[in-house]
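# Observations on the three-dimensional arrangement
This is what each chain is made of:
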Amino acid sequence: MTYAGRVTTGTLLVLVATVVALIGAVEHSVRRDLERDTRVDLEREAALAAMALPDDSLAWQQTVEEASRRTGLRVSVVDQTGRVRAESEITAAELDRIENHLNRPEIVAALGGQPSADRRPSATVGVPYMYVAIPGGPGAVRVAVSLEQVDRVVRAAQRPILIAGLIALLLGLPLAYLAARRVVRPLADIATAARRIASGESPEFPYAGIPDIDRLTADLHAMHDQLAERFENLRRKQSETAAIVDSMVEGVLSSDAKGRIITANPAARRLLGFRDAEALPELPLIFRTKDARDLIDRVLEGTSIADREIAWGDRTYLMNARPLPTGGAVVVLHDLTHLKRLEAVRRDFVANVSHELKTPLTAISGYAETLLADDTDADTTRRFLDTILSNARRMQRLVDDQLDLSRIESGAWTAANEQVAIEPTAADAWAVAASASSNAPSFTVDLADDSQFVPGDPDALRQIFRNLLENAIRYTPKDGSVTVRAVREGAGVRISVSDTGSGIPSDHVPRIFERFYRVDPSRARAQGGTGLGLAIVKHLVENHGGRIWAESALGRGTTIHIWWPTRLPFDSTTPLPHVT
């Protein structure tokens, strides 16, 4: 909108707002005074009507009708229960159809001994009324009058103000427009000069004869000369900086104070997964993890960040960021993913294997030394060799589980996406797990009709069931039971593996999915557990987009719950069919 249009519109809005405010003030003041006077009159009439009521209740209807004819008011008599005993607007035969008035505010106050008034539409006749009720008669006497007359008086008082406002609009708008045009013409010439400066053309600076506008023109002329020189210097420096940034192997991002990306070198786009020509979101939104977004927010608020590691999907970056003096920030990312994976594999392998292999190696070494040093009979030799073999197999299981877990965590394992039947998969896993135990408890599978299948990797689901069922067998007596259940829950299926075994103390439950964590280390090692089964299960479930948790109490058994999505995160276009 032009300046003249803005001035004219502003004048129009001021005049309209003034007229509306005056009309509103008049309405409020006149209506308040009229309604106050009406209430006083109604209280007086209600008192007279209460005094006129005869002792005979059969004559009340005739009395209120007569009072209504004389005063032009609506008169009602209400007893202590809220029942209308007489009403001037209807006949005596129609009284029973009037709803109970015990919920009317003026009736409630009058029955409590206090005169009261209320303003609302009548539920009986459907027009706005002023109601005034006083204690009297069998409970309360109420007098009401239509407020339509009050509305007419208010509208009559508002009409002169509205006419005066229209006259003011007709006179004020042309004057405002002429005054605005006097200023707009030289401003339009200055705007034309500014546009020519922006387009790189030679501008013409006008002379207006208005001191303030002429000073603006002179300042614009000086700015034009200074900008021409500075732009040339900036273009030269920008070319040098862009060449340096584009050649860096680290990702470099810079933003303005509002977080809009100004610079993103090819390395940054590659690290963050954006194509060369793809538009980038604002800097606080470009990172998907909360920790990274919090760091970016701190930088934009003026705090420098040095050598902070952030996760981006399955990758790890080292972030350094500094706020810019003029607002915004510059962020440098260095990819540490490969180094972190190598370090994690090395550290975990050395620490875990060293700890877990110590016991079986000690047993193998001790029994082997005994066999070499002593002449043992055949039974003893066989018993020692069985012990050596058992510990060697335990070491083998430990190495296999460690390799499986490392492969899953490092991202080298990729899940398939097939429809997997839960019942046969659980039965196969139970057959393998139970065959290794001479004291296996009973086993049942209870699946809901709509929870027979889940999408996923068949081998992964079989390994999940096997690890969970081996744990259940290990801690459940022969006369106990193990049950696999599945029910539909939201956008997934909740699979539960329950046993009636020894249970887990509540303070240990949150940690059972950690690698090598054992509630009772001596018992677990004695029964052949590696301490990696639940950690493997957790990673397999989470790699399918699910989650896992445990419920247990000491002496009451354990239930492992798995929520498994019906749409996998790595293939969301293939939903699980609804089986009934």
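Reading guide: rules and limits
Residues numbered from 1 in each chain as written. Predicted model: local features only at pLDDT ≥ 70, side-chain atom pairs only at ≥ 80, totals over all residues. Heavy atoms only, no water. Helix = DSSP H or I, 4+ residues; strand = E, 2+ residues; numbered from the N terminus. Buried < 20%, exposed > 50% of the residue type's maximum accessible area, 1.4 Å probe, protein only. Expected span 1.5 Å × (residues − 1). Polar contact = N/O pair within 3.5 Å; in protein donor to acceptor, adjacent residues only side chain to side chain. Pairing = 2+ DSSP bridges. Axes fitted to C-alpha atoms, helices over the stretch in contact; angles between N-to-C directions. Contact = heavy atoms within 4.5 Å. Core = buried A, V, L, I, M, F, W, Y, C linked by side-chain atoms within 4.5 Å. Salt bridge = Lys/Arg side-chain N within 4 Å of Asp/Glu carboxyl O. Left-handed = near helix turned anticlockwise from the far one by under 90°. Parallel < 35°, antiparallel > 145°, perpendicular 65-115°, else oblique. Nonpolar A, V, L, I, M, F, W, Y, C, P; charged D, E, K, R; others polar. Phe/Tyr/Trp six-rings, centres within 6.5 Å; stacked < 30°, edge-to-face > 60°. Lys NZ or Arg CZ within 6 Å of the ring centre and 35° of its normal.

Let us now look at unusual backbone geometry. Unusually for a residue other than glycine, Asp307 sits at a positive phi of about 50°. Assignment of secondary structure puts Asp307 in strand S8 (residues 305-312). On the basis of relative accessibility, which here comes to 52%, the residue Asp307 falls in the exposed class.

Here the focus is helix H12 (residues 458-474). With 17 residues, H12 ought to run about 24 Å at 1.5 Å a step, and its terminal C-alpha atoms sit 24 Å apart, in line with that. Looking at H12, one finds that the buried residues are Pro458, Ala460, Leu461, Ile464, Phe465, Asn467, Leu468, Leu469, Ala472, Ile473 and Arg474. Where H12 begins, the capping side chain belongs to Asp457, and its oxygen is found 3.0 Å from the backbone nitrogen of Asp459.

Turning to the sheet that holds S8, a few remarks are in order. Spatially, S7-S6-S10-S9-S8 is the arrangement adopted by the five strands of the open sheet, whose pairing is antiparallel. What marks the edges here is a single partner per strand, and that holds for strand S7 (261-264) and S8. Here the average twist between neighbouring strands, direction ignored, is 25°. Judged from the five bridges that link them, strand S6 (residues 251-255) and strand S10 (residues 329-335) form a sheet pairing that is antiparallel. Note that in S10 the partner of Gly251 across the bridge is Leu333. Docked against the sheet, helix H8 (residues 290-300) engages S6, S8, strand S9 (315-323) and S10, running at close to 150° with respect to S8.

Our next topic: the nonpolar core. With 43 residues, the main nonpolar core has Ile464, Phe465, Leu468, Leu469, Ile495, Ile562 and Trp564 as its most contacted residues. When contributions to this core are tallied by element, the ones reaching two or more residues are helix H10 (378-409), helix H11 (422-435), H12, strand S14 (481-489), strand S15 (492-499), helix H14 (533-543), strand S16 (547-552) and strand S17 (558-565). Broken down by element, the residue count for this core peaks at eight residues, all from H12. When neighbours within four sequence positions are excluded, Ile495 is seen to be in contact with Ile422, Val454, Phe465, Val484, Arg485, Ala486, Ile560, His561 and Ile562.

Bridge count between strand S12 (residues 442-447) and S14: six bridges; the pairing is parallel. Bridge pairing in S14 links Phe443 to Val482. Strand direction decides the pairing type here: S14 and S15, joined by eight bridges, are antiparallel. Within the sheet, the bridge partner assigned to Arg488 lies in S15 and is Val493. Linking S14 to S15, which pair antiparallel, is a turn of two residues; within it Gly490 sits at a positive phi near 65°.

In this structure the tally under the stated criterion is 15 salt bridges. A salt bridge links Arg120 to Glu106; its shortest N-O distance comes to 2.9 Å. In this pair, Arg120 is assigned in strand S3 (residues 116-121) and Glu106 in helix H3 (residues 105-111), connecting sequence segments 14 residues apart. Each of the two residues, Arg120 as well as Glu106, counts as buried. Ionic pairing is found between Arg120 and Asp118, a salt bridge with its closest N-O pair at 2.6 Å.

Interhelical geometry of H12 versus H14 gives an angle of 150° and a closest axis separation of 9 Å. In this structure, H12 meets H14 at a crossing whose hand is left-handed. Each of Ala460, Gln463, Ile464, Asn467, Leu468 and Asn471 in H12 lies in contact with H14, whose residues at this interface are Gly533, Leu534, Ile536, Val537, Leu540 and Val541.

Among the six residues in strand S1 (residues 74-79), six count as buried, and that is most of the element. The alternating pattern of S1 places Arg74, Ser76 and Val78 and Val75, Val77 and Asp79 on opposite faces, both of which are buried. Pairing analysis gives six bridges linking S1 to strand S5 (residues 139-146), with the strands arranged antiparallel. Each bridged residue has a counterpart across the sheet, and for Asp79 the counterpart in S5 is Gly139. The pairing of S1 with strand S2 (residues 84-87) spans three bridges and is antiparallel.

Residues three or four positions apart in an α-helix share a direction because the helix packs 3.6 residues into each turn. Between its first and last C-alpha, H11 extends 20 Å over 14 residues, near the 20 Å set by a 1.5 Å rise per residue. Looking at the packing, one finds that the buried side of H11 touches strand S11 (418-421), S12, strand S13 (453-456), H12, S14 and S15.

One open sheet holds the five strands; their spatial order is S12-S14-S15-S17-S16, and the pairing between them is mixed. With one partner strand each, in any of the chains shown, S12 and S16 form the two edges of the open sheet. Across this sheet, the average inter-strand angle for adjacent strands is 15°, counted without regard to direction. Direction of pairing for S16 relative to S17: antiparallel, over a ladder of six bridges. In the sheet register, Trp549 faces S17, and the bridge partner there is His561.

On to the environment of Glu542. In this fold, Glu542 is placed in helix H14. With 20 residues separating them along the chain, Glu542 and Ile562 place their C-alpha atoms 9.8 Å apart. Only 2.9 Å separates the side chain of Glu542 from the side chain of Lys538, close enough to count as a polar contact.

Helix-helix packing is characterised by the crossing angle of the two axes and by the distance between the axes. One can describe the packing of H11 onto H12 by two numbers: an axis separation of 8 Å at closest approach and a directional angle of 50°. Put simply, H11 runs oblique to H12. Considering how the two elements wind past one another, H11 and H12 form a crossing that is right-handed. Contacts between H11 and H12 pair Ile422, Thr425, Ala426, Asp428, Ala429, Trp430, Val432, Ala433 and Ala434 from the former with Leu461, Arg462, Phe465, Arg466, Leu469, Glu470 and Ile473 from the latter. Per-class residue counts for the contact of H11 with H12 are eleven nonpolar, one polar and four charged.

Before going further, it helps to examine the packing of aromatic side chains. Enumeration over the complete set of coordinates arrives at two aromatic pairs. Note that Arg74 overlies the ring of Tyr129, its terminal NZ or CZ placed 5.4 Å from the centroid. Over the ring of Tyr131 we find Arg120; its NZ or CZ atom is 4.4 Å from the centre of that ring.

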